[in-house]
Amino acid sequence: MDNDNKLDRFLKLGKAGEGTYGVVYKAKNKLTGKNVALKKIKLQKFYNKGCSEGVPSTAMREITLLKGVRHSSIVELLDVMYTTDKLYLVFEYLDLDLKRYMDHSKQPLEAELVKNYMKQLLDAIAYLHSHRILHRDLKPQNLLVDKEGHIKMADFGLARSFSLPTRTYTHEVITMWYRAPELLLGEKMYCTGVDIWSLGCVMAEMLMKRALFPGDSEIDQLYKIFRIMGTPQEDDWPGVQLLPDFKAAFPKWLPKNLRDIVKFNNTEEEILLKEMLTYDPAKRKTAKELLKYNYLKTAKLTTPDLTAFPVEETIDEAGPS
Ligand code: INR
């Protein structure tokens, strides 16, 4: 199949965003009239080492994996096109990400909307983890929302085939606000708990309308966590002092009550968030366990308030009249 011709099936409508590895365009499938997200990834020479036809085998393996992922709360990878120096990933398209939605809303998200989103996100994470896939970079920018109340994860999985970067392809700094403490302390054997921590940070942000731990460097990130959660100790997190980047000289902060920082709507909400922000990754509940919590039993599809987001007019199938 000639991939250059395949690309002609899409009409680029404009830039949607910039992911970690490449620019994302809003595009239209000329045949079906459906909008898609077209993600262009420039392949560096490095990735081509030892690979036939210029396609990095690790990336291709990962993409094969992604194509097998099917969940209502994960953006669907529809197609993959590649040339010698570029990869094009075709995804389903959603008009808005959670970061923009939160930036534009005047208040913290409604309790019912937070619950709705948490149910869908934990469901998606349980699905990914059951397929032994870690997202590793959950954050509001990677969570796409629609007007019906769905939320979908994007920009995941690829992070595994390319090593954890510190900057995007345009040299933008990658946020550490959602990074789990075990990662910040240099744990190499991290597991599914890293995604639960990130999701906890996202939940707190939906309730506060600002980030819970907005660090601007690795040490600032750790200290932002420590100042609220307390400096981790051996009694609540056995083995923490043995992690590569743990320092005996860390200031010893006492834990604050999260209730004094996050304005909870009810106790069940507070219980769920506290579980997700448990220090010891071994004690942190899994997505499957959290899905059994009472809080989520009453979750239902709740629509976001999109009055501040007029639906932008795009060229439709018939073209401009
Ligand atoms: C929007 C994005 C809407 N939709 C930014 C965006 C602003 C407004 O990145 C996006 C995507 C979409 C998107 O609709 N589908 C996907 C991004 C990505 C994958 S990725 C799929 O992987 O994060 O670049």
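The present account deals with the structure reproduced in this document. Here the structure is a predicted model, which is why all the values come from computation and not from measurement.

Let us look at the packing of helix H5 (residues 111–130) against helix H8 (residues 193–208). Orientation of H5 relative to H8, taken along the N-to-C sense of each, is 170 degrees, at an axis distance of 11 Å. Accordingly, the angle class assigned to the pair H5 and H8 is roughly antiparallel. Residue-level inspection shows Val114, Tyr117, Met118, Leu121, Leu122, Ile125 and His129 of H5 in contact with H8, the latter providing Asp195, Ile196, Leu199, Met203, Met206 and Leu207.

Turning our eyes to something else, we now look at empty space enclosed by the protein. Take a probe with the size of a water molecule and roll it over the atoms, and the empty space left behind shows itself. Inspection of the entire model under this criterion finds three cavities of 30 Å³ or more. The volume enclosed by the largest cavity comes to roughly 110 Å³. Looking at the largest cavity, it is lined by twelve residues, and the ones nearest its centre are Arg136, Asp137, Tyr178, Arg179 and Ser198. Counted by class, the lining of the largest cavity contains seven nonpolar, two polar and three charged residues.

Below, the discussion takes up the nonpolar core. Within the largest apolar cluster, 66 residues are counted, with the highest numbers of intra-cluster contacts made by Leu98, Met118 and Leu272. With residues near it in sequence (within four places) discarded, Leu98 still touches Leu109, Tyr117, Pro140, Leu143, Val145, Ile151, Val202 and Met206. The next biggest cluster of nonpolar side chains, apart from the first, holds 17 residues, and it includes Leu43, Ile63, Phe91 and Leu94.

So, on to the site of the ligand. In the vicinity of the ligand lie 16 residues, with Val24, Lys39, Glu92, Leu94 and Asp155 positioned nearest. The separation between an oxygen atom of the ligand and a polar side-chain atom of Lys39 is 2.8 Å. A distance of 2.9 Å separates a nitrogen atom of the ligand from a polar backbone atom of Glu92. Coverage of the ligand by the protein chains reaches 94% of its 490 Å² of free accessible surface. When the residues that make up the shell around the ligand are grouped by side-chain class, the tally is ten nonpolar, no polar and six charged.

What counts as what
Residues numbered from 1 in each chain as written. Predicted model: local features only at pLDDT ≥ 70, side-chain atom pairs only at ≥ 80, totals over all residues. Heavy atoms only, no water. Axes fitted to C-alpha atoms, helices over the stretch in contact; angles between N-to-C directions. Helix = DSSP H or I, 4+ residues; strand = E, 2+ residues; numbered from the N terminus. Parallel < 35°, antiparallel > 145°, perpendicular 65-115°, else oblique. Contact = heavy atoms within 4.5 Å. 1 Å grid on protein atoms, 1.4 Å probe; cavity = no way out; pocket = protein on both sides within 12 Å on 5 of 7 lines; lining within 4 Å. Points joined across faces, edges and corners; volume = space filled by probe spheres on them. Nonpolar A, V, L, I, M, F, W, Y, C, P; charged D, E, K, R; others polar. Core = buried A, V, L, I, M, F, W, Y, C linked by side-chain atoms within 4.5 Å. Buried < 20%, exposed > 50% of the residue type's maximum accessible area, 1.4 Å probe, protein only. Near = heavy atom within 4 Å. Polar contact = N/O pair within 3.5 Å; in protein donor to acceptor, adjacent residues only side chain to side chain. Areas by Shrake-Rupley, 256 points an atom, 1.4 Å probe, with all protein chains shown as cover.

In short, geometric facts, not functional conclusions.
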